[in-house]
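Survey of secondary and tertiary structure
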Amino acid sequence: MYYPDIAADMDAAGSAAQFFKKMQGVSGWKTMEVGALCQKVQGSAYPDRYAERVGDAESICKAGGL
(Lines give C-alpha, C1' and ligand atoms only; values in the text may rest on other atoms or scores of the structure.)
Protein backbone atom coordinates (compact mmCIF):
# COMPACT_ATOMS: atom_id res chain seq x y z
CA MET A 1 0.00 0.00 0.00
CA TYR A 2 1.19 3.52 -0.82
CA TYR A 3 1.03 6.23 1.84
CA PRO A 4 1.83 9.61 0.24
CA ASP A 5 2.13 11.58 3.46
CA ILE A 6 1.70 10.00 6.89
CA ALA A 7 1.73 13.42 8.63
CA ALA A 8 -1.13 14.59 6.39
CA ASP A 9 -3.01 11.35 7.10
CA MET A 10 -2.92 12.19 10.80
CA ASP A 11 -4.22 15.75 10.27
CA ALA A 12 -7.88 16.37 9.35
CA ALA A 13 -7.13 19.23 6.94
CA GLY A 14 -4.21 17.39 5.35
CA SER A 15 -6.21 14.20 5.00
CA ALA A 16 -9.11 16.08 3.40
CA ALA A 17 -6.71 17.80 0.99
CA GLN A 18 -5.34 14.42 -0.10
CA PHE A 19 -8.86 13.11 -0.61
CA PHE A 20 -9.94 16.13 -2.70
CA LYS A 21 -6.78 15.99 -4.82
CA LYS A 22 -7.37 12.33 -5.65
CA MET A 23 -11.11 12.96 -6.12
CA GLN A 24 -10.44 15.51 -8.86
CA GLY A 25 -8.63 12.79 -10.83
CA VAL A 26 -11.76 10.60 -10.93
CA SER A 27 -13.55 10.92 -14.24
CA GLY A 28 -17.12 12.16 -13.74
CA TRP A 29 -16.67 13.02 -10.07
CA LYS A 30 -18.92 16.08 -10.25
CA THR A 31 -22.01 14.03 -11.13
CA MET A 32 -21.17 10.71 -9.44
CA GLU A 33 -23.10 9.34 -6.47
CA VAL A 34 -21.25 10.35 -3.29
CA GLY A 35 -20.80 6.79 -2.02
CA ALA A 36 -19.47 5.57 -5.37
CA LEU A 37 -17.07 8.51 -5.54
CA CYS A 38 -15.75 7.84 -2.04
CA GLN A 39 -15.18 4.21 -2.96
CA LYS A 40 -13.25 5.24 -6.09
CA VAL A 41 -11.03 7.54 -4.03
CA GLN A 42 -10.57 5.38 -0.93
CA GLY A 43 -10.80 1.86 -2.37
CA SER A 44 -12.42 0.26 0.67
CA ALA A 45 -12.68 -3.50 1.06
CA TYR A 46 -16.32 -2.78 1.98
CA PRO A 47 -17.49 -0.70 -1.01
CA ASP A 48 -21.13 -0.33 0.03
CA ARG A 49 -20.33 1.24 3.40
CA TYR A 50 -19.74 4.73 2.00
CA ALA A 51 -23.20 4.89 0.43
CA GLU A 52 -24.72 3.65 3.69
CA ARG A 53 -23.22 6.63 5.57
CA VAL A 54 -24.03 9.49 3.18
CA GLY A 55 -27.08 10.50 5.23
CA ASP A 56 -25.00 10.64 8.40
CA ALA A 57 -22.37 12.77 6.66
CA GLU A 58 -25.05 15.15 5.37
CA SER A 59 -26.47 15.53 8.89
CA ILE A 60 -23.03 16.25 10.34
CA CYS A 61 -22.28 18.85 7.63
CA LYS A 62 -25.68 20.48 8.14
CA ALA A 63 -25.13 20.63 11.92
CA GLY A 64 -21.77 22.30 11.27
CA GLY A 65 -23.31 24.91 8.98
CA LEU A 66 -22.08 23.43 5.72
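See the structure printed just above.
Residues numbered from 1 in each chain as written. Predicted model: local features only at pLDDT ≥ 70, side-chain atom pairs only at ≥ 80, totals over all residues. Heavy atoms only, no water.

For the rest of this paragraph, the subject is the overall build of the protein chain. Scanning the protein chain from N- to C-terminus turns up five helices and zero strands. Ordered by position from N to C terminus, the α and β elements of the protein chain give α-α-α-α-α. Once the C-alpha set of the protein chain is aligned to its principal axes, its extents read approximately 30 × 25 × 20 Å. Of all intrachain contacts in the protein chain linking residues separated by at least 6 positions in sequence, the fraction that spans at least 24 positions is 0%. Accessible surface, the protein chain as shown: approximately 5400 Å² in total, 57% of it carbon and sulfur. Mean positive and mean negative side-chain charge positions of the protein chain (7 and 8 charges, respectively) differ by 5 Å. (Helix = DSSP H or I, 4+ residues; strand = E, 2+ residues; numbered from the N terminus. Contact = heavy atoms within 4.5 Å. Areas by Shrake-Rupley, 256 points an atom, 1.4 Å probe, with all protein chains shown as cover. Lys, Arg positive; Asp, Glu negative; His and termini not counted. Charge placed at Lys NZ, Arg CZ, Asp CG, Glu CD.)

A full pass over the atoms with the stated rule returns one aromatic pair. Taking 5.8 Å as the distance between ring centres and 85° as the angle between the ring planes, the aromatic pair formed by Phe19 and Phe20 counts as edge-to-face. Across the ring face of Tyr46, the terminal group of Arg49 is positioned such that the distance to the ring centre comes to 4.4 Å. (Phe/Tyr/Trp six-rings, centres within 6.5 Å; stacked < 30°, edge-to-face > 60°. Lys NZ or Arg CZ within 6 Å of the ring centre and 35° of its normal.)

What follows deals with the nonpolar core. Core analysis: the largest hydrophobic core is formed by six residues, namely Phe19, Met23, Val26, Leu37, Cys38 and Val41. Elements supplying a minimum of two residues to this core: helix 2 (12-23) and helix 3 (34-42). The dominant element in this core, judged by the number of residues it contributes, is helix 3, at three residues. The residues touching Val26, leaving out its near neighbours within four places in the chain, are Met32, Leu37, Lys40 and Val41. (Core = buried A, V, L, I, M, F, W, Y, C linked by side-chain atoms within 4.5 Å. Buried < 20%, exposed > 50% of the residue type's maximum accessible area, 1.4 Å probe, protein only.)

This part takes up helix 3. Along helix 3, the residues classified as buried are Gly35, Leu37, Cys38, Gln39 and Val41. Of the surrounding secondary structure, the elements contacted by the buried residues of helix 3 are helix 2, helix 4 (49-52) and helix 5 (54-63).

A word on the pattern of salt bridges. Under the counting rule described, the total for this entry stands at one salt bridge. The closest approach of N and O atoms between Arg53 and Asp56, which form a salt bridge, is 2.6 Å. The class for Arg53 is exposed, based on a relative accessible area of 54%. In this structure Asp56 comes out as partly exposed when scored by relative accessible area, which is 36%. (Salt bridge = Lys/Arg side-chain N within 4 Å of Asp/Glu carboxyl O.)

The subject of this paragraph is the environment of Met23. Here Met23 lies in helix 2. The spatial distance from the C-alpha of Met23 to the C-alpha of Val41 is 5.8 Å, given a sequence separation of 18 residues. In contact with Met23, not counting residues within four places along its chain, are Trp29, Leu37 and Val41.

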